[in-house]
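Remarks on the overall topology
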Amino acid sequence: MSQINKLKIFNDPIYGFITIPNALIYDLIQHPYFQRLRRISQMGLSYLVYPGANHTRFHHALGCMHIMQKAVESLRFKGVTISFEEENALYIAILLHDIGHGPFSHAMESSIVEDVHHEEISLLFMQQLNKEFDGKLSLAIQVFKGEYHRKFMLQLISSQLDMDRMDYLKRDSFYSGVSEGNVNSERIIQMMNVVDDVLVIEEKGIYTVEKFLMSRRLMYWQVYLHKTSLVAELILTKILKRAKELTMKGEELTASSPLSFFMHKKVTMETFDAETLNLFSKLDDFDIISALKSWQEHPDFILSSLSKMIINRDLLKIKLSSEKVTTEELLPLKERIVLENGITLAEANYFVYRGKIKNQAYSKEAEPIRILKKDKTIEDIVDASDQLNFKSVSKFVTKYYLCFPKQLL
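Residues numbered from 1 in each chain as written. Predicted model: local features only at pLDDT ≥ 70, side-chain atom pairs only at ≥ 80, totals over all residues. Heavy atoms only, no water.

**Observations regarding the packing of helix H9 (residues 163–176) against helix H11 (residues 206–224)**
As a reminder of what qualifies: Structural elements are reduced to axes, namely lines fitted to C-alpha atoms, with helices fitted over the stretch in contact, and the angle between N-to-C directions of any two is expressed from 0 to 180 degrees. Helix and strand definitions here come from DSSP, where helices need a minimum of 4 consecutive H or I residues and strands a minimum of 2 consecutive E residues; each element is numbered from the N-terminal end. The cut-offs work like this: below 35 degrees is roughly parallel, past 145 is roughly antiparallel, 65 to 115 is roughly perpendicular, and the gaps in between are oblique. Note on convention: the crossing is left-handed when the near helix lies turned anticlockwise from the far helix by less than a right angle, right-handed when the turn is clockwise. Residues count as neighbours in contact if any of their non-hydrogen atoms are within 4.5 Å of one another. When residues are grouped by polarity, Ala, Val, Leu, Ile, Met, Phe, Trp, Tyr, Cys and Pro land in nonpolar, Asp, Glu, Lys and Arg in charged, and all others, Gly among them, in polar.
Contact geometry of H9 with H11 gives a least axis separation of 11 Å together with a crossing angle of 50°. Classified by the interaxial angle, the pair formed by H9 and H11 is oblique. In this structure, the crossing between H9 and H11 has a hand that is left-handed. In this structure, H9 uses Arg165, Met166, Tyr168, Leu169, Asp172, Ser173 and Ser176 to contact H11, whose residues at the interface are Phe212, Arg216, Met219, Tyr220, Val223 and Tyr224. Considered class by class, the residues forming the contact of H9 with H11 number eight nonpolar, two polar and three charged.

**Considerations on unusual backbone geometry**
Backbone geometry places aspartate 196, a non-glycine residue, at a positive phi of 50°. In this structure, aspartate 196 sits in the loop between strand S3 (192–195) and strand S4 (198–202). The residue aspartate 197 is not glycine, and still its phi comes out positive at about 60°. Topologically, aspartate 197 is positioned in the loop between S3 and S4.

**Section: the nonpolar core**
Inclusion rule: Buried Ala, Val, Leu, Ile, Met, Phe, Trp, Tyr and Cys residues form a nonpolar core when they are joined through side-chain atoms within 4.5 Å. Residue burial is assigned from relative accessible area. The probe radius is 1.4 Å, only protein chains are included, and a residue is buried under 20% of its type maximum, exposed over 50%, and partly exposed in between.
Leu156, Met163, Ile235 and Trp295 are the most contacted members of the largest nonpolar core, which totals 140 residues. In this view, methionine 163 contacts Cys64, Ile67, Met68, Ala71, Ile94, Leu156, Ile189 and Met192; residues no more than four positions away in its chain are not counted.

**Focus on the pattern of salt bridges**
We apply this condition: Salt bridge, as applied in this entry: a Lys or Arg side-chain nitrogen positioned within 4 Å of an Asp or Glu carboxyl oxygen.
Evaluation of the coordinates by the stated rule reveals 23 salt bridges. The salt bridge partner of arginine 57 is aspartate 98, with a shortest N-O separation of 3.5 Å. Residue arginine 57 is located in helix H3 (residues 57–77), and its partner aspartate 98 is located in the loop between helix H4 (84–95) and helix H5 (105–109); the two are separated by 41 residues in the primary sequence. Judged by relative accessible area, which is 7%, arginine 57 ranks as buried. Looking at aspartate 98, the relative accessible area reads 7%, which means it is buried. Between lysine 406 and aspartate 314 there is a salt bridge, and its shortest N-O distance comes to 3.4 Å. With lysine 406 in the segment after strand S9 (397–404) and aspartate 314 in the loop between helix H16 (301–311) and strand S5 (317–321), this pair connects stretches of sequence that are 92 residues apart. Counted as one network, the salt bridges with shared partners bring together Arg242, Glu245, Lys249, Asp300 and Glu347.

**Thoughts on the sheet that holds S9**
Quick reminder of the rule: When DSSP finds at least two bridges between two strands, those strands are taken to pair.
Spatial ordering of the open sheet is given by S5-S9-S6, a layout of three strands whose pairing is antiparallel. With one partner strand each, in any of the chains shown, S5 and strand S6 (353–359) form the two edges of the open sheet. In this sheet, adjacent strand axes meet at a mean angle of 25° when their direction is disregarded. Pairing of S5 with S9, which is carried by five bridges, proceeds in the antiparallel orientation. Each residue of the ladder has a partner; that of serine 321, found in S9, is tyrosine 400.

**Quick notes on the sheet that holds strand S7 (residues 370–372)**
Spatially, the four strands line up as an open sheet ordered S3-S4-S7-S8, and their pairing is mixed. Among the strands making up the open sheet, the edge pair consists of S3 and strand S8 (378–380). Neighbour-to-neighbour, the strand axes of this sheet turn through a mean angle of 45°, independent of strand direction. Bridge count between S7 and S8: three bridges; the pairing is antiparallel. Counted as the bridge partner of arginine 370 is aspartate 380 from S8.

**Looking at the pairing of S3**
Sheet topology note: the S3/S4 ladder contains four bridges and is antiparallel. When the bridges of S4 are listed, valine 194 appears paired with leucine 199. Linking two consecutive strands that pair antiparallel, namely S3 and S4, is a turn of two residues; a positive phi of about 50° is found at aspartate 196 within it.

Take a look at the structure:
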């Protein structure tokens, strides 16, 4: 195939036309590992709350690459030297930063692929692709791991003001219809600069960054931690845990072969070999949804009841509060479930449980967002901001939840 055929254009509802910069990027996008992202929803079960939120991680990865192109262009315009190899490494690293996400990945990480995070799987995929592409991803992997000496390159990929956050806030806002998340990524990119190989934002961009952080805070409460999305994800985690529990006891559940593999094995980073990676690359949202449709009819009361909840969107009741949920509140609810359904107290934990969620829009402990002032001094955004309530975005806000079946109301 000639190289000309590889210079394709995508039409994106957020940015308009996205161009593929070169043949290597085209080949990576064409790879089955990356094409799988078309079958992985970007926002998990949020479509149960926001019906438009059906966009995929494929969408998001391309968007991130597009704004990385804009960032490279803007920084070069300001005199920052970025070689062709470094530029390509940035594109590859941001394109593949989410490639390790499984279907409904937060639920997966808490149940089936326990203690193996998507970032670690992303790295395994990148290393495998590097073998297939004769070492052409080596610099991208170095940048992704934070081992490259030019610190700003990692900041563009993973920091409190990276291309990932800039795309997902804007994209998730668009598809969910929650306009509070519509950040001005173009202006932030235009305000970026590099001082001593560290990313800074010019002082005149401070208000746009403030708006970005406030948008992030609002999107977390309104979308990502919306109580219905939260309870749906918790139920899915419980379903997968129950399915794994039954499988480990020797029950055969209807599931695709990749899903079945992960239900039969305890997978850790140490055992995540080439075969495991290959099977993981075949897992997507369809495996999970197909399994839930089948498990609705399973004789196990817990598995079938919980599966029906997701398929029919008839979820558990969830109550949020600023106060911790006590054991005294939980016990009578559990006892009623036991009496009404003839299950054990331990099994009642699948239907009645508590927990907490945290939200912090900006962390003072992490890599700060640095503001380059007119006098060339550099200050943390929280100290540079003149907004009195801005310090509140760096505070942890904790909410406690209680989940239980609606009929117990």
